[in-house]
Amino acid sequence: MDRSADAAGVLEHSDVGAQKNRVVTEEEWLQKWEMHNIGFHKEQGHPFLQKYLDVLLSGRSGLRIFFPLCGKAVDMKWPADMGHCVVGVEVSEQALKEFFAEHSLPYSEEPVLEIPGAKKLQSTSGNISLYCCSIYDLSSSIVGKFDGFWDRGALVAVNPCDRQRYASLMISLMEENSSYLLVTVSYDPNKHKGPPFYVPESEIKSLFGFLPEKGGWLDKMVGDMEASVQGCLNSARIIAMEELLLMSELCEVL
């Protein structure tokens, strides 16, 4: 079955606005972790990052890689094991502690003086630093800028009313010649209130401010399970990939 064709037909008649007023509170996310209602977590890591890790790294060494809304993503350990510096942010302290425990990584904790109540959990090796706070409390003056981004489950989890704020923050954290890998989800938004939220390609372009004179959208490749769109924002490179989800799969990630 050509799932990409089916999804395209459904979305052509979908009302994305049906989700625009949906708000998920910080307390609800914390409760998901407390109740272990984390179907969005992939125990084996995400296959897209496995497939496109070389694109993210582009043969470079010693990169700083950012994982927004990281949870306890297994994926964080992959670039760290290759010698890169990984920085993540997550509101659930439980999730971050589980990450270190499940990988048998010793770590230390320290307060983030610029953010009241925030903590930084850092591996003793020094190349994994995870911030426990609201992502909107971060800035380049606190965490610096990044050469690479892995955005899976972040933009699609952000409340629709906060997307522009989120995208502006990501842009402010981009180092020159950075690579941004973004995974979105495709399904009929009339049948699921989110999260994960459906973010159409047109909105991605708008959020990240692509301009034709600065490179625009370069290419689009559609396969059985994914669509990849590349674009340039100044000297940054953004690649957006799309997971096509059936309603049964949506139930599993709630």
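Residues numbered from 1 in each chain as written. Predicted model: local features only at pLDDT ≥ 70, side-chain atom pairs only at ≥ 80, totals over all residues. Heavy atoms only, no water.

### A look at the packing of aromatic side chains
Under the criterion given, the structure shown has 10 aromatic pairs. With a centroid separation of 4.8 Å and 20° between ring planes, the pair formed by Phe66 and Phe146 is classed as stacked. Of this pair, Phe66 sits in strand S1 (residues 64–67) while Phe146 sits in strand S6 (residues 146–152), placing them 80 residues apart in sequence. Each member of the pair, Phe66 together with Phe146, is buried. Its relative accessible area of 0% is what places Phe66 among the buried residues. Aromatic ring contacts, followed pair by pair, group Phe66, Phe146, Phe149, Tyr180 and Phe208 into a single cluster. Geometry around Trp29 places Lys32 over its ring, the cationic atom sitting 5.8 Å from the centre. In this arrangement the basic side chain of Arg165 is found over the ring face of Tyr136, its NZ or CZ atom lying 4.1 Å from the centre. (Phe/Tyr/Trp six-rings, centres within 6.5 Å; stacked < 30°, edge-to-face > 60°. Helix = DSSP H or I, 4+ residues; strand = E, 2+ residues; numbered from the N terminus. Buried < 20%, exposed > 50% of the residue type's maximum accessible area, 1.4 Å probe, protein only. Lys NZ or Arg CZ within 6 Å of the ring centre and 35° of its normal.)

### A look at the pairing of strand S5 (residues 128–132)
Counting buried residues in S5 gives 5 out of 5 residues, a clear majority hidden from the surface. Summarising the sheet, strand S2 (residues 85–90) and S5 pair through 5 bridges and their orientation is parallel. Counted as the bridge partner of Val86 is Ile128 from S5. When strand S4 (residues 119–123) meets S5, the two strands line up antiparallel, connected through 4 bridges. Paired with Gln122 across the two strands is Ser129, which belongs to S5. Hairpin remark: S4 followed by S5, antiparallel, with 4 residues in the connecting loop; positive phi at Gly126, about 90°. (Pairing = 2+ DSSP bridges.)

### Some thoughts on the pattern of salt bridges
Counting across every chain of the model gives 10 salt bridges. Among the ionic pairs, Glu102 bridges to Lys72, the shortest N-O distance being 2.8 Å. With a gap of 30 residues between them, Glu102 in helix H5 (residues 93–102) and Lys72 in the loop between S1 and helix H4 (77–81) connect regions that are remote in the sequence. Residue classification places Glu102 among the partly exposed positions, given a relative accessible area of 46%. (Salt bridge = Lys/Arg side-chain N within 4 Å of Asp/Glu carboxyl O.)

### Regarding the confidence of the model for the protein
Averaged over every residue, the pLDDT of the protein is 82; residues scoring 70 or more account for 79%. Ignoring residues within four places in sequence, the model shows residues 1–14, a span with pLDDT below 50, making 23 contacts including any to other chains. Predicted confidence is poor over residues 211–230, with pLDDT under 50, and the contacts of this stretch with residues over four places away or in other chains come to 57 contacts. (pLDDT = per-residue confidence, 0-100. Contact = heavy atoms within 4.5 Å.)

### Notes on the environment of Lys119
Mapping Lys119 onto the fold places it in strand S4. The class of Lys119 is partly exposed, set by a relative accessible area of 29%. Here Lys119 is in contact with Glu93, Glu109, Glu110, Pro111, Val112, Leu130, Tyr131 and Cys132, once residues within four sequence places are set aside. Among the polar contacts made by the side chain of Lys119, one reaches the side chain of Glu109 at a distance of 3.4 Å. (Polar contact = N/O pair within 3.5 Å; in protein donor to acceptor, adjacent residues only side chain to side chain.)

### Re helix H2 (residues 26–34)
Where H2 is concerned, the buried positions are Trp29, Lys32 and Trp33. For H2, the angular spread of buried residues about the axis comes to 95°, placing them on one side. Among the exposed residues of H2, those pointing more than 90 degrees away from its buried face are Glu27 and Glu34. Contact partners of the buried residues in H2: S2 and H5. Taken from the residues just after H2, His36 is the one with a positive phi, measuring 55°. (Arc of directions from axis to C-beta.)

### Section: the nonpolar core
Core analysis: the largest hydrophobic core is formed by 36 residues, its most contacted members being Phe66, Tyr131, Leu138, Met170, Tyr180 and Phe208. Elements with a minimum of two residues in this core: S2, helix H6 (140–143), S6, helix H7 (163–172), strand S7 (174–186), helix H8 (201–208) and strand S10 (236–244). Those residues within four positions of Leu138 in sequence are excluded, and the remaining contacts are Phe66, Val89, Ile115, Tyr131, Cys133, Val143 and Leu169. Grouped together as the second largest cluster of nonpolar side chains are 28 residues, Leu63, Phe67, Val74 and Ala80 included. (Core = buried A, V, L, I, M, F, W, Y, C linked by side-chain atoms within 4.5 Å.)

### Describing H7
Among the residues of H7, Arg163, Tyr166, Ala167, Leu169 and Met170 are the ones counted as buried. For H7, the buried positions fall inside an angular range of 160° around the axis, keeping them on one side. Looking at the buried side of H7, the elements it contacts are S1, S6, S7 and H8.

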